[in-house]
Each structure stands twice: as C-alpha cells, then as structure tokens.
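# Analysis of the macromolecular model
The primary structure of each chain is shown beneath.
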Amino acid sequence: MPDIIQLLPDNIANQIAAGEVIQRPASAVKELMENAVDAGATSIQLIVHEAGKSLIQVIDNGKGMSETDARMCFERHATSKITTIEDLFRIRTMGFRGEALASIAAVAQVELKTRRAESEIGTSLEVENSQVKKQEPAALPVGTNIAMKNVFFNIPARRNFLKSNAAEMRHIVDEFMRVAMSFPEIFFSLTSNGQQIFHLERGSLKQRIVQLLGSQYNAKLVTVQENTDYLNITGFVGKPDTAKKTRGDQYFFVNNRFIRSAYLNHAVMSAYQDMIPADCFPLYVLFIDLDPAQVDINVHPTKQEIKFEDEKIVYAFVQAAVKHSLAQFSITPTLDFDLDPGIQQLDAISKPFTEDKQAAAASSNLYRTFTQKNQAHFIEPSDKSELKHWREFYEPSQPSTSNLQLPTSNIQPEEQTLIQLLSTYILKPSEKGFLLIHQQLAHERILYDQYIQAMQGHPIAMQKSMFPVTLTLAPADAVILMELLPHLNQLGYQVEAFGKDSFIVQGTPADMLQGNEKNVIEDMLEQYKHSSSDMKLSAREKLIRTLARQQAIKPGFSLTQQEMQGLVTELFKCSQSNIAPNGMPTYLEFKKDYLDKLFGK
Ligand SMILES: Nc1ncnc2c1ncn2[C@@H]1O[C@H](COP(=O)(O)OP(=O)(O)O)[C@@H](O)[C@H]1O
Ligand SMILES: [Mg+2]
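This text gives an overview of the structure that appears in the document. (Residues numbered from 1 in each chain as written. Chains lettered and ligands numbered in written order. Predicted model: local features only at pLDDT ≥ 70, side-chain atom pairs only at ≥ 80, totals over all residues. Heavy atoms only, no water.)

## Thoughts on the site of ligand 1
Every one of the 19 residues lining ligand 1 counts as a neighbour, but Asn35, Thr79, Ser80, Lys81 and Gly98 are closest to it. Taking Lys81, its side chain carries an N or O atom lying 2.7 Å from an oxygen atom of ligand 1. Here ligand 1 has 530 Å² of accessible area as a free molecule, and 95% of this is covered by the chains. Elements with a contribution of two residues or more to the shell around ligand 1: β4 (78–79) and α4 (100–107). Residue classes in the shell around ligand 1 are distributed as eight nonpolar, seven polar and four charged. (Near = heavy atom within 4 Å. Polar contact = N/O pair within 3.5 Å; in protein donor to acceptor, adjacent residues only side chain to side chain. Areas by Shrake-Rupley, 256 points an atom, 1.4 Å probe, with all protein chains shown as cover. Helix = DSSP H or I, 4+ residues; strand = E, 2+ residues; numbered from the N terminus. Nonpolar A, V, L, I, M, F, W, Y, C, P; charged D, E, K, R; others polar.)

## With respect to helix α17 (residues 517–530)
Relative to the 20 Å expected for 14 residues at 1.5 Å per residue, α17 spans 20 Å between its end C-alpha atoms, a close match to the ideal helical length. The set of residues buried in α17 consists of Glu517, Val520, Ile521, Met524, Leu525, Glu526, Gln527, Tyr528 and Lys529. Against α6 (165–182), β21 (462–472), α16 (475–490), β22 (494–497), β23 (502–509) and α18 (539–551) lie the buried residues of α17. (Expected span 1.5 Å × (residues − 1). Buried < 20%, exposed > 50% of the residue type's maximum accessible area, 1.4 Å probe, protein only. Contact = heavy atoms within 4.5 Å.)

## Some details on the environment of Ala552
On the secondary structure map, Ala552 appears in the loop between α18 and α19 (561–571). According to the relative accessible area criterion, Ala552 is buried, its value standing at 2%. Through-space distance from the C-alpha of Ala552 to that of Leu406 is 8.2 Å; in sequence the pair is 146 residues apart.

## Concerning the side chain of Glu526
Of note, Glu526 is situated in helix α17. In this structure Glu526 touches Lys244, Thr246 and Asp477, once residues within four positions along its chain are discounted.

## A word on the sheet that holds strand β3 (residues 55–60)
Strand order in this open sheet of eight strands is β7-β6-β5-β8-β3-β2-β9-β10, and the pairing throughout is mixed. Whereas interior strands pair on both sides, the edge strands pair on one side only; in this sheet they are β7 (131–138) and β10 (195–200). Recorded for the sheet is a direction-independent mean angle of 10° between the axes of neighbouring strands. As defined by bridge partners, strand β2 (residues 43–49) adjoins β3 across six bridges and the pair is classed as antiparallel. The residue of β3 that forms the bridge with Ile47 is Gln57. (Pairing = 2+ DSSP bridges. Axes fitted to C-alpha atoms, helices over the stretch in contact; angles between N-to-C directions.)

## Things to note about the pattern of salt bridges
All told, the structure shown has 16 salt bridges when counted by the stated rule. With a shortest N-O distance of 3.5 Å, Glu34 and Lys30 are connected by a salt bridge. With Glu34 and Lys30 both in helix α2 (residues 25–38) and four residues apart, the pair spans about one turn of that helix. Lys30 matches Glu34 in its accessibility class, with the two residues each being buried. Lys244 is the salt-bridge partner of Asp249, the closest N and O atoms lying 3.2 Å from each other. Within the structure, one salt-bridge network assembled from shared partners comprises Glu111, Lys113 and Lys149. (Salt bridge = Lys/Arg side-chain N within 4 Å of Asp/Glu carboxyl O.)

## Considerations on the packing of α2 against α6
Packing of α2 against α6 leaves a shortest axis separation of 8 Å and a crossing angle of 20°. In this view, α2 runs roughly parallel relative to α6, as classed from their interaxial angle. The two elements α2 and α6 meet at a crossing, and its hand is right-handed. Contact residues: Pro25, Ala26, Val29, Lys30, Met33 and Val37 in α2; Glu168, His171, Ile172, Glu175, Phe176 and Val179 in α6. For the contact of α2 with α6, the per-class residue count stands at eight nonpolar, one polar and three charged. (Parallel < 35°, antiparallel > 145°, perpendicular 65-115°, else oblique. Left-handed = near helix turned anticlockwise from the far one by under 90°.)

## Quick notes on the nonpolar core
For soluble globular proteins, nonpolar side chains are generally found buried alongside one another. Ranked by internal contacts, the top residues of the largest apolar core, which has 69 residues, are Leu46, Phe74, Phe176, Phe188 and Phe198. With eight residues, the top contributor of residues to this core is α6. Grouped together as the second largest cluster of nonpolar side chains are 40 residues, Ala271, Ile276, Val295 and Ile297 included. (Core = buried A, V, L, I, M, F, W, Y, C linked by side-chain atoms within 4.5 Å.)

## Remarks on the packing of aromatic side chains
Tallied over the entire structure, the rule returns 12 aromatic pairs. When the ring centre of Tyr528 is taken as origin, the NZ or CZ atom of Lys542, which lies over that ring, is 4.8 Å away. (Phe/Tyr/Trp six-rings, centres within 6.5 Å; stacked < 30°, edge-to-face > 60°. Lys NZ or Arg CZ within 6 Å of the ring centre and 35° of its normal.)

## Quick notes on the packing of α16 against α17
Relative to each other, α16 and α17 sit at 105°, their axes nearing to 11 Å. In terms of their interaxial angle, α16 and α17 are classed as roughly perpendicular. Across the interface between the two elements, Asp477, Ile480, Leu481, Leu484 and Leu488 of α16 pack against Ile521, Met524, Leu525, Glu526, Tyr528 and Lys529 of α17. Classifying every residue of the contact of α16 with α17 gives eight nonpolar, no polar and three charged.

## Quick look at the side chain of Glu517
By the element assignment, Glu517 lies in helix α17. Buried charge Glu517 goes without a salt bridge, the closest partner of opposite sign being Lys518 at 10 Å. Setting aside its immediate chain neighbours within four residues, Glu517 contacts Ser465, Val469, Val505 and Thr508. (Lys, Arg positive; Asp, Glu negative; His and termini not counted.)

## Describing the sheet that holds strand β24 (residues 587–591)
The strand order β18-β19-β20-β24 describes an open sheet built from four strands, whose pairing is antiparallel. Every other strand in the sheet has two partners, leaving β18 (419–421) and β24 as the edge strands with one partner each. Between one strand axis and the next, the sheet turns by 25° as a mean value, whatever way the strands run. Taken together, the three bridges between β18 and strand β19 (residues 425–429) define a ladder with antiparallel strand orientation. Of the residues in β19, the one forming a bridge with Gln420 is Ile426. The strands touched by α19 within the sheet are β18, β19, β20 (433–438) and β24, with β19 carrying the most contacts at an inclination of about 75°.

So this is what it looks like as structure tokens:
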C-alpha cells in the first residue's frame, strides 16, 4: 500500500473555512476521536489527565499510518481524505481539512505510535513546537496511539485562559458523548485521572443512548424512521413524560456529524406541541442522512454549523417524521395533525425541490402526505392509548410548599397590608408611590445571599435524613456531582459518593421538608448543566445561582400575608435588594409623579 497523505494545493486549501481548530482540550478530543473513526477503528479509547490539560490520549485499532504518513500528518493541509475541491461535496469522512494534527503539534507535545496491518514494524514519533524531535521504528499493535501532552505549554496566555478542570472536563465529556452516540458500532471508553468513566460496548443505537444518557430512558424511546428519496431520518425521540425542564439530551447528526441547529430543534419542538409543557425539552437523538452535495459542512472550522441546500424541506421532514413516530406509538390519542400552514405553503412542499428529482420525490410517501393538506399522518383516536389521560398527566403539578424555604414573619401592627397580584407580584405601598415586587426574583436574591453566607463559613444547618436515599446518575452527571459535593455540603446537603455513578443523600438543609431529596438533586444537576454555560463563573457561583433559582418560589404560587411580609423584610436586608443574581430587577418602583403624568395631571 502506498502512502496516502497528500498536501492540498493552495487553491483548495484556501477554499476551506480556516480558523482556530484547537481552542481547548475538548476540541483536540473531538479531532483525535474523529480521526480514529475515519481510520475505520472498531475500538477507541480516550484517556485524559487533569481534564486534558496535561494529557489527551486516543488509542485506536484503525488502519494506522505508514512511516512517511506518520511524519506527513503533522503538516498543515496534509490529508488523505480529499484531493480535489469536488471531493468536498461528497465527503463521508469526519475530517477533510488536514489541519487538526498540524494545530495540535503547534500547541502541545505529541507522541504518535502507529502501525498498518501490512507493515511488520510500526513508527514511533515525537513532535514538539511542530518539529519532529525523534522518530524510530517500534514493535506496535495495528492502529494508532496518539498522546498530546501539556496543551498550550508554549502559549501561557492560552493556558491560563482555560477554565477549571470541572468545566473543561464537561466539554470533553460532551464531545466524547457526541462521537460515541453517532457510532454505536464502535467500542469507546473514557478514562479520566485513572478512573474509567465510560465503557461503551458495541451495540445498537438504542443501547448506546441508554449507556450514555442513563437507564431511565430504557422503555421511554420511540423509534423515528422515515426514508425518502431526498433524505433519511432515523433515531429516537423520548416519550413526552421524559421531557425535562432544561435542554439536555438533544442530538442532531447530519451524515453522522453532530450539529447544532436552532432551526431544526424548532421542528422537533413543534412536533411535540401540546404534548409537553411549554417549558420542557424532550430527548431526541436524530440522524439525518442525505446526499453530501445537499449540505455544506465547510462553513465553520469546528464543523458544528452546516448549511443545507434546502433548509425548509429538511425542517418539514424532521417535523413530520417526529410527529409520525409520536402518533404511531399512540403517545397521544387525539393530536391535531394539521401541519403548520406556513409549512404547507413553502416552495419546498408545494413544489418538488429539484427538477431531476421531481418524479422520484413525488412518489415518496412523505412527500404525498405533505401535498394533501391536513392528511399528514392522520390516525384514528385509539382507546387503548396508554396515555388516555395525558393532559392531566402533563399538567404541571400544583406548586407546593414541600421543599421551599420561604421566610415568614409575624405581622407587626404598624405594617402595611401587602397585596399579591396575579400570583406573581407583591404590591407594597412606598413613601412616594408603590413597589411592584417580583416574588420569584426577590426570593432568588434572598436565597442567593444566604448561600453566599453559607459558603463564607456559616454553613446551612443540616438535618440527617431518616431514610437516606440513593441515586444513580448517568456517568456524565456523576462527574459533575462529584465536583460539587464539597460545595453542596456547605449548603446543607450531605451527599456522598456510593459506588460507581451512585450517591447517597444523608441529609438536607434543616428547613427543607424531607422526602423529595432525589428530585431536588436531579433537578439541580439538570439546571446546573445548562445554566449560563457561556459565562465564566466558578463552579461554586454557578451552583449557588442554580440552587437559588431552583428553590425560589415560582409565579403561580399564592402567598399568605405572613409569607409576603417575610419575603419583603428579608429582601430589604439583602446587600443588593433591587437586583436578582441574574441581573434582573427584583422590584420596580412606581412613583406618584410618574403616575400623575400618565393621567395627564
Ligand atoms: N488515528 C489515525 N489513524 C490513521 N490515520 C490517521 C489518524 N489520525 C490522522 N491520520 C491521518 O492523518 C491525516 C491528517 O489528519 P488531520 O490533521 O486530522 O486532518 P484530516 O482529518 O482533516 O484529514 C488524515 O487525513 C489521516 O490520513
Ligand atoms: Mg482529522
């Protein structure tokens, strides 16, 4: 077998979206894992130390590299995956720019060990500052073992810019999960600081989803499968009762590549309309496969953004496919299956998308259902639907005081009577007019201040649980909870690690009613994972904000006079009583002058 890596000619290299490929350890994880996938590996092991800051190693059993290719792969624009610009439009590999290894070699010390099946002896190579330092033949297994050490060792400014290990590890786990999710036929493992976090045996996509996201999804996945001439959609969506309060387990893959798309997300959400509360997010893992010529993956260096040739038709297909699945599995007895009229009128729907595909497209089932207005996937209401009372089932449960730490105070004779409006606001007369206090934001401020104090050495009193509960988390969540344990203890939650991915809740804050510990912790983790991930907050600050938001009374919650008084008194004891931790006002003041003006007086 000849050497296969070639340098892309400048005219091609220049047409490739250039940019920073390695921004943080997780970007290297993604690139190295994708290279292993492209090399046809059936087993891929990822090993990291200190959240990838000191080591990222990927060991695969793929096709390996020749001696020459092992040197060549670190050159910029050196790739075996494309040779002409036309190749860009038929890409089936994850990589194609030939930039990742060059970028990695520029910012880290790299050791590469690789052997092809046809060579008896392999190659071992060390690279630093983009220079090959050492190269020698070595006895090696078939495949590639690449270790990247001390990322940004030569760029201290970049190294200092990295976030905490907990934050960087989360990015790594995210990237790992995305690659592992799209290739269930490959074995993957992830070991962090010597501890194995994931061990994913080969299996079906469904098994992979459960391995990655947790066994709570086991009987809760609905198959999505629509094949058309234009594209195929396969995968799973969660039954409505698995929808979570926070956007979590949502994956789109286009030709096996993880992508982000608010637009397609909307298509899925609209398919769930009326089945889940407005503020909940369903699970989905959807694979869209279509002719690579119909997508442009060359938009952004990290390839997470792509452009569809015809975005609207992909939207319509995704929406229809998900609706169809939810309907087929009798998730809901009487759904209104009229497609969005906006979509009915799209060119993509009312006219076939390209002339040459017209005939083929018109014969596709899905296409026909679109062209017959109001006929798409009509199903008879079924009595045996497992969720006959689905509406009651999904109605948000009545807010209860069960685990709220609501301040109350005895009403003093001189105190004014407060009025609750719309179960959301408290109206309080002031010297010059009145205050309109937002009950949730006010409570968030109060709790936030309490938690800050707790962290500064006045731990919140804890009560031992009479019946300690255990909870088992998805591996990625267990990593996060481990990091948060010491902080949680300060806040009155005594939670301890208890075997692999399991924890035991020994105690909760003294003023919290017991019995709901598991939900509180799980909800907290959900919100924590998805709150302000762009902001550079410490894990502690984020935890405090999350808990304050979670524990605060919500709109829709009726308050007694005493509770209102307590809330108002506590609010005005706070350091910044007028602003909630998220920066929103806790109250607005309406002064008489202003009101008079409104009345033209
Ligand atoms: N794990 C691996 N196994 C075999 N070959 C590899 C591996 N990683 C990289 N290569 C080779 O090195 C080349 C350069 O890799 P990279 O810089 O990531 O660029 P790209 O993946 O865009 O081609 C690849 O085209 C491939 O031929
Ligand atoms: Mg690559």
